[in-house]
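Here's the letter readout for the chains.
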Amino acid sequence: MAEKNMTVLNYIQKIVITFLKYASLLLMGTMCLLPLVSCLITAFKTETEYKSTNVMTLPGSFLNFDNFIKAFKLANMGRAFLNSVIVMVVVLVISVIIGTQLAYVLTRFSFFGNQIIRSMYLFASLLPSVAMQVTVYNIMSGLHLVNHLYGYIIMMCGTDVISIYIFIQFMENISTSLDESAVIDGASYFKIYWQILFPLLKPAIVTACILKGVSVYNEYYCANLYLQSKELHTMSTSLYTFVGPMGSQYNLICAGVIISFTPALIVFILCQKQIYSGIAAGAVKG
Amino acid sequence: MEKSYKEKAVKKSFWKTRKGQQLLTMGMFLVIPLTLLVVFTYYPFAEMVKFSFYKMKYSTPVDKRVFVGFQNYIDVFKRDDCFGALRLSLYYMVGALIQLVLALYFATILSFKAKGGNLFKGLMFFPYLINGIAIGFIFKFFYTRGFVLDTVLHVLGASYENLPYWLKDQNINNWSLVATSVWRYFGQNMVLFIGAIMSVDDTLYEAAALDGANKPQIFKHIILPSIKTIVTLNVILSITGSLSSFEQPYVITNGANGTGTYFVIMNEIAHVSQKVGLASAMAVVLLLIIFVCTILQKLFFKYVFREAKD
């Protein structure tokens, strides 16, 4: 009898837990989606619709792309997208190269100063970038790097600590016996780095590129500070066009916002698995 | 030491030796990253410390800068818009804790079989991939009087008169901003925790299921112990993160109506009022606080790990 009671209880418990599970998932899912859906709805509304209807009323047509076209032209988003892609690709290539080389030297050679360099990077990771810009701005203008795409790119390569950590950690887990046998075969250090270790680092490179790629594509604070002229706007700063006189035309703004994150959405849908594992792997560093 | 001695001894063939090759590789591989590190981190850092003792603007020529000693530091603590702004971090700390709890809860649910699990995971994670400015617009729109949030609450039965101005009312606006921060980052936290939970040995769950353990028991006895480190790490990171919270108030309210966090104020002092000295002093003060927090967290970790070993 007691046993039967237990199973009934268990059964009820199971139902309650399942119900709570899906209820909470639905609630949270809705809350995550609500701001975005409201944006999407508004982006399809015509001027008059926007002014006369409630924000959550559906638009007359989901095929009204006028706002998107207008926003795209107004904020010069084609150019902005190109700039963003250039910045992202160059920054990723440079940081992968210098990051892996640095990690190679720090993990394979023991020399005076190795620990000092590691500590220097550790300390650098504690400095919040917004605070640093107070004086970096001064240096950037002193080096005439303000308002040049390459200046911004150089700065973005220079302030990168996380991918260096990922490379160091990964490289430490690759056995040095590989290097040693290559040394015996007479391979140069550069050859060991480039032909043996670099290909093995592929998972770490993917992780670093994902983490860095997200942060570079979305970076707006320094882009706003150092890329002020309009042709140099990146995808995120191009949205600044809508600040000011157009500040309340949300049908237009929402369209711009949606355009700005669409590339990220596409990449996310295509590479979900890699992005998730990249995020998880990037956090292990501690 | 060995290098330099060898360098002199075998001058000609030195670059052909292993040692020489090593030095050459080191030089080649280190020169760029270290230059960048010095130019964009250490030199600005030194400048910042120096500037914090001067009264100056960006445009002030070097010889016109006035040395004021510790006056800027005194101002940081005296002016109520500076140091006082740090108390706003408390809101963000509370938010960060809520965020961690939510992330942990949903990570646990989504690590196991759930219908539509992948879709929910994607929905909750995606906000992390949206850029800051877009977030600013989305939430300005979301919180505007009579717009998204008000409409939804109205449908749920609240009357418009009772609803506050989400971004203006000083009783609530900081919470509104904290909520956007949770909205944006909790998915990333969750993905992180899912990664940790997934790395737990599957046989443990099977054994627990055989023993008839229920979900809360599994959570308490298997999941939590194995992800303790990463959770603790995130709790501690959220403290330093809250001290330096900047993005949400900067892009949504621009610090208006009492939402200016320490860094928002510092940013304004530096780039709008151009009081570079004062801004530098503010930055140095916060860096010191973060530094102390980091040392404390290192000690804390040491302590926790020793406990775990015993």
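What counts, and where the lines are drawn
Residues numbered from 1 in each chain as written. Chains lettered and ligands numbered in written order. Predicted model: local features only at pLDDT ≥ 70, side-chain atom pairs only at ≥ 80, totals over all residues. Heavy atoms only, no water. Helix = DSSP H or I, 4+ residues; strand = E, 2+ residues; numbered from the N terminus. Rg over C-alpha atoms; globule rule 2.2 N^0.38 Å. Contact = heavy atoms within 4.5 Å. Buried < 20%, exposed > 50% of the residue type's maximum accessible area, 1.4 Å probe, protein only. Disulfide = S-S within 2.5 Å. Domains from an automatic or database assignment. Buried area = accessible area lost by both parts, 1.4 Å probe. Salt bridge = Lys/Arg side-chain N within 4 Å of Asp/Glu carboxyl O. Polar contact = N/O pair within 3.5 Å; in protein donor to acceptor, adjacent residues only side chain to side chain. Nonpolar A, V, L, I, M, F, W, Y, C, P; charged D, E, K, R; others polar. Core = buried A, V, L, I, M, F, W, Y, C linked by side-chain atoms within 4.5 Å.

K.L.:
Break down the overall build of chain A for me, citing the residues and quoting the values.
P.N.:
Broken down by element type, chain A carries 15 helices and 0 strands. Whereas a compact globule of 286 residues would reach a radius of gyration of roughly 19 Å, chain A reaches 25 Å, over 25% beyond that. Dimensions along the principal axes, computed over C-alpha positions, put chain A at roughly 80 × 75 × 35 Å. Counting only contacts in chain A whose residues sit at least 6 apart along the sequence, the fraction spanning at least 24 positions is 70%.

K.L.:
So what's going on with the overall build of chain B? Which residues, and what values?
P.N.:
A tally of regular secondary structure across chain B gives 14 helices and 2 strands. Taken over C-alpha atoms, the radius of gyration comes to 26 Å for chain B, far larger than the 19 Å a tight globule of 310 residues would show. C-alpha atoms of chain B, sized along the principal axes, occupy 80 × 60 × 35 Å. Each of the 310 residues in chain B was classed as buried or not, and the buried ones make up 49%.

K.L.:
Please provide a residue-by-residue account of the state of the cysteines, values included.
P.N.:
Applying the stated criterion across every chain, the model contains 0 disulfides over all chains. With no disulfide of its own, Cys157(A) lies 12 Å from the sulfur of Cys209(A), the closest cysteine sulfur. Of the cysteine sulfurs around Cys82(B), a residue in no disulfide, the closest is that of Cys293(B), at 19 Å. Overall, the relative accessible area of 0% leaves Cys82(B) in the buried class.

K.L.:
Provide a residue-level description of the domain arrangement of chain B, including the pertinent values.
P.N.:
Residues and elements named next belong to chain B. Split by domain assignment, chain B resolves into domain 1 (2–51) and domain 2 (83–309). Facing the 4 residues of domain 1 at the interface are 6 residues of domain 2. Summed over both sides, the interface of domain 1 with domain 2 buries roughly 370 Å², with 84% coming from carbon and sulfur. The largest per-residue losses of area from domain 1 upon contact with domain 2 belong to Phe 45, Met 48 and Phe 51, which jointly make up 90% of the total buried on that side. The interface formed by domain 1 and domain 2 includes 0 salt bridges. Along the contact surface separating domain 1 from domain 2 lie 0 residue pairs in polar contact (both at pLDDT 80 or more). The residue makeup of the side of domain 1 that touches domain 2, split by class, is 4 nonpolar, no polar and no charged.

K.L.:
Describe the interface of chain A and chain B, with residues and values.
P.N.:
In this assembly, 92 residues from chain A lie in contact with 89 residues from chain B. Run the count over chain A and chain B and you get 0 salt bridges. Remark: the boundary between chain A and chain B carries 16 residue pairs in polar contact (both at pLDDT 80 or more). Here the side of chain A that touches chain B takes 19 residues from helix H1 (residues 2–43) of chain A, the largest share from any one element. A class-by-class count of the residues in the side of chain A that touches chain B yields 70 nonpolar, 21 polar and 1 charged.

K.L.:
Explain the nonpolar core to me, using residue names and the numbers behind them.
P.N.:
Ranked by size, the top nonpolar core spans 187 residues in total, and within it Tyr104(A) and Met124(B) carry the most contacts. Ranked by the residues each element gives to this core, the list is headed by helix H8 (residues 173–198) of chain B, at 12 residues. Looking at which domains feed residues into this core, each of domain 1 (2–51) and domain 2 (83–309) of chain B gives three or more. Excluding residues that lie within four positions of it along the chain, Tyr104(A) makes contacts with Phe109(A), Met171(A), Asp179(A), Tyr189(A), Ile192(A), Tyr193(A), Leu197(A), Thr25(B) and Phe29(B).

K.L.:
Report on the side chain of Asn189(B), specifying residues and quantitative values.
P.N.:
All names here are of chain B. With respect to the helices and strands, Asn 189 occurs in helix H8. Given the relative accessible area of 7%, Asn 189 is considered buried. Residues within four places of Asn 189 in sequence aside, it is in contact with Gln 99, Leu 100, Ala 103 and Asn 234.

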